[in-house]
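Working through the structure, step by step
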Amino acid sequence: MGRGKVQLRRIENNVSRQVTFSKRRSGLLKKAHEIAVLCDADVAVIVFSAKGRLYEYSTHTSMDRILERYERFSLSEGNSVEEFTELEGSMNYDHIKLSSRIEALQKSQRNLMGEQLDSLTAREVQQLEQQIGNALRNIRLRKNHLLTNSIVELQNKERSLMEQNIILENVNSISFRESLL
């Protein structure tokens, strides 16, 4: 017995919506993989969740190569008015792509600052902890390097001042002797 027709409208229950998203996303990515394998096609799928997480799939060809190919294809078709529209669309795509990258970097920065960690999985939190640990080690190495250089400079300055002090003491003792004579 088959299912009834699913009415396409937003699912109001957050838990049900998340479960449906997860299942359908997996099904979509599975279908993309199947068409790529069965038909030897280059396939790229990009999905952003409601929380802003990125899910992607691409075939043996990298996502960047497929997107570049798509841009070239969309720019090469049509007459001059369509080309302008497509160029405008391409620039809009670049804008969206850069905006997405900026958003991802800002999210990463907020995470590194210890903010908005609720949406992270346990694995993502471990990776973040490792990144922060590596950054802390690099900072400590840099600090120690700077302190060591500062100590060496101060020791050299101390030696120089001691030598100057000895020279001045010798000059003063000579001039004192000359004044006595």
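A short tour of the structure in this document, coming up. (Residues numbered from 1 in each chain as written. Predicted model: local features only at pLDDT ≥ 70, side-chain atom pairs only at ≥ 80, totals over all residues. Heavy atoms only, no water.)

So, on to the overall build of the protein. Each helix and strand in the protein was counted, giving four helices and two strands. Reading the protein from its N end, one meets helices and strands in the order α-β-β-α-α-α. By residue count, 12% of the 181 residues in the protein fall in the buried class. Taking all contacts inside the protein whose residues are at least 6 apart in sequence as the whole, residues at least 24 apart take part in 19%. Accessible area of the protein: about 15700 Å², with a carbon and sulfur share of 56%. (Helix = DSSP H or I, 4+ residues; strand = E, 2+ residues; numbered from the N terminus. Buried < 20%, exposed > 50% of the residue type's maximum accessible area, 1.4 Å probe, protein only. Contact = heavy atoms within 4.5 Å. Areas by Shrake-Rupley, 256 points an atom, 1.4 Å probe, with all protein chains shown as cover.)

Glancing now at unusual backbone geometry. The residue Asp40 is not glycine, and still its phi comes out positive at about 50°. Along the chain, the position of Asp40 falls in the loop between helix H1 (14–39) and strand E1 (44–48). The exposure class of Asp40 is exposed, given its relative accessible area of 63%.

What follows concerns the pattern of salt bridges. This model, assessed by the stated rule, comprises three salt bridges. Close ionic contact of Glu12 with Arg10 constitutes a salt bridge, the shortest N to O distance being 3.5 Å. The residue Arg69 makes a salt bridge to Asp42 at a minimum N-O spacing of 2.7 Å. Here Arg69, found in helix H2 (residues 63–76), pairs with Asp42, found in the loop between H1 and E1; they are 27 residues apart in sequence, far enough to count as distant. Here Arg69 falls in the partly exposed class, since its relative accessible area comes to 47%. On the basis of relative accessible area, Asp42 is assigned to the partly exposed category, the value being 34%. (Salt bridge = Lys/Arg side-chain N within 4 Å of Asp/Glu carboxyl O.)

Looking now at the layout of surface pockets. Taken as a whole, the largest pocket holds about 1000 Å³ of empty space. For the largest pocket, the lining is made up of 28 residues, of which Phe48, Leu54, Ser100, Arg101 and Ala104 are closest to its centre. Of all the secondary-structure elements, those providing two or more residues to the lining of the largest pocket are E1, strand E2 (54–58), H2, helix H3 (80–112) and helix H4 (122–180). A per-element tally of the lining of the largest pocket places H3 first, with 12 residues. (1 Å grid on protein atoms, 1.4 Å probe; cavity = no way out; pocket = protein on both sides within 12 Å on 5 of 7 lines; lining within 4 Å. Points joined across faces, edges and corners; volume = space filled by probe spheres on them.)

Summed over all chains, the structure comprises one aromatic pair. In this structure, Arg25 packs its charged tip against the face of Tyr55, placed 4.0 Å from the ring centre. (Phe/Tyr/Trp six-rings, centres within 6.5 Å; stacked < 30°, edge-to-face > 60°. Lys NZ or Arg CZ within 6 Å of the ring centre and 35° of its normal.)

This paragraph deals with the pairing of E1. Burial along E1 is one-sided: Val45 and Val47 are buried, while Ala44, Ile46 and Phe48, pointing the other way, are not. By the bridge criterion, five bridges tie E1 to E2 in an arrangement that is antiparallel. Residue pairing for E2: Val47 is matched across the bridge by Tyr55. Counting the residues in the hairpin turn of E1 and E2 gives five residues, including Gly52, whose phi is positive at 95°. (Pairing = 2+ DSSP bridges.)

Let's shift gears to the environment of Val43. Within the element layout of this structure, Val43 appears in the loop between H1 and E1. Val43 gets classed as buried once you look at its relative accessible area, which sits at 12%.

Right, let's talk about the nonpolar core for a bit. Ranked by size, the top nonpolar core spans eight residues in total: Leu29, Ala32, Ala36, Val43, Val45, Val47, Tyr55 and Tyr57. Residue contributions to this core peak at three residues, all from H1. When residues no more than four places from it in sequence are discounted, the contact partners of Leu29 are Val45 and Tyr57. (Core = buried A, V, L, I, M, F, W, Y, C linked by side-chain atoms within 4.5 Å.)

Take it as geometry only, folks, not as evidence of what the structure does.
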